[in-house]
Structures are given as C-alpha cells and as structure tokens.
Amino acid sequence: MNPEAVGAVAIARVNGLTLREEIFAGSTSAHSSRWKTLHFGLASATVVPEVEITWPDGSVEVLENVAADQRLVVHQGEN
C-alpha cells in the first residue's frame, strides 16, 4: 500500500512550459512529512490548461483548466 502516493509525478503545462514535481518519501522541505505538497510557480498565469498526474501504479489522470492560486487536494481515482 502507498496511501501517501510516494512516487507520484505531476506535470503542469502552462504558457508553453512543462513543470514537473514528484512526491518523495519523508520530508523534503519545511512542510510536515505527513503532508505531501507539490507547488508550481505559475507567474502571472491564472489557469493551468492541463495537469497530468502519473500515480505510482502507472495510472494517469488529467485535470483540465485548473484555476491558479489555490490548494488542490487530489486523490487517485476520485477526480
């Protein structure tokens, strides 16, 4: 079991850029190790046309037209 999605990769495509973040085991920043938080710096973008999430089991989810300036909680298979 992998309830914290360690190994999941999120790719945000915005303004011609591809931004990639990955969930790692343990704390990799000042954030609590209990919460796995990814952050994308979007500059002046207000919408991310596509966020692709590849889960540790290899399945892929695509979120479209995601508003910027928010905290988005994503659970595998619930979106």
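Refer to the structure above for everything that follows.
All of these numbers come straight from a predicted model, not from anything done at the bench.

### Things to note about the pairing of strand β4 (residues 60-67)
Now for step 1: When strand β3 (residues 47-54) meets β4, the two strands line up antiparallel, connected through 7 bridges. Bridge pairing in β4 places Glu-52 opposite Val-62.
Now for step 2: From the end of β3 to the start of β4, which pair antiparallel, there are 5 residues, and Gly-58 there has a positive phi angle of about 95 degrees.

### Focus on the layout of surface pockets
Now for step 1: Empty space within the largest pocket amounts to approximately 1,300 Å³.
Now for step 2: Lining the largest pocket are 39 residues, and of these Lys-36, Leu-38, Leu-72, Val-73 and Val-74 sit closest to its centre.
Now for step 3: Of all the secondary structure elements, the ones that give two or more residues to the lining of the largest pocket are β1 (9-14), β3 and β4.
Now for step 4: Taken together, the residues of the lining of the largest pocket sort by class into 25 nonpolar, 8 polar and 6 charged.

### Overview of unusual backbone geometry
Most peptide bonds are trans, and most residues other than glycine sit at a negative phi.
Now for step 1: A positive phi angle, near 55 degrees, is found at Ala-43, a position not held by glycine.
Now for step 2: Within the secondary structure, Ala-43 sits in the loop between β2 (17-22) and β3.
Now for step 3: For Ala-43, a relative accessible area of 85% gives the class exposed.
Now for step 4: Even without glycine at this site, Asn-65 takes up a positive phi of about 50 degrees.
Now for step 5: Looking at the element boundaries, Asn-65 is found in strand β4.
Now for step 6: In this structure Asn-65 comes out as exposed when scored by relative accessible area, which is 58%.

Criteria and cut-off values
- Residues numbered from 1 in each chain as written.
- Predicted model: local features only at pLDDT ≥ 70, side-chain atom pairs only at ≥ 80, totals over all residues.
- Heavy atoms only, no water.
- Pairing = 2+ DSSP bridges.
- Helix = DSSP H or I, 4+ residues; strand = E, 2+ residues; numbered from the N terminus.
- 1 Å grid on protein atoms, 1.4 Å probe; cavity = no way out; pocket = protein on both sides within 12 Å on 5 of 7 lines; lining within 4 Å.
- Points joined across faces, edges and corners; volume = space filled by probe spheres on them.
- Nonpolar A, V, L, I, M, F, W, Y, C, P; charged D, E, K, R; others polar.
- Buried < 20%, exposed > 50% of the residue type's maximum accessible area, 1.4 Å probe, protein only.

In short, the description is geometric, and any link to function would need to be established separately.
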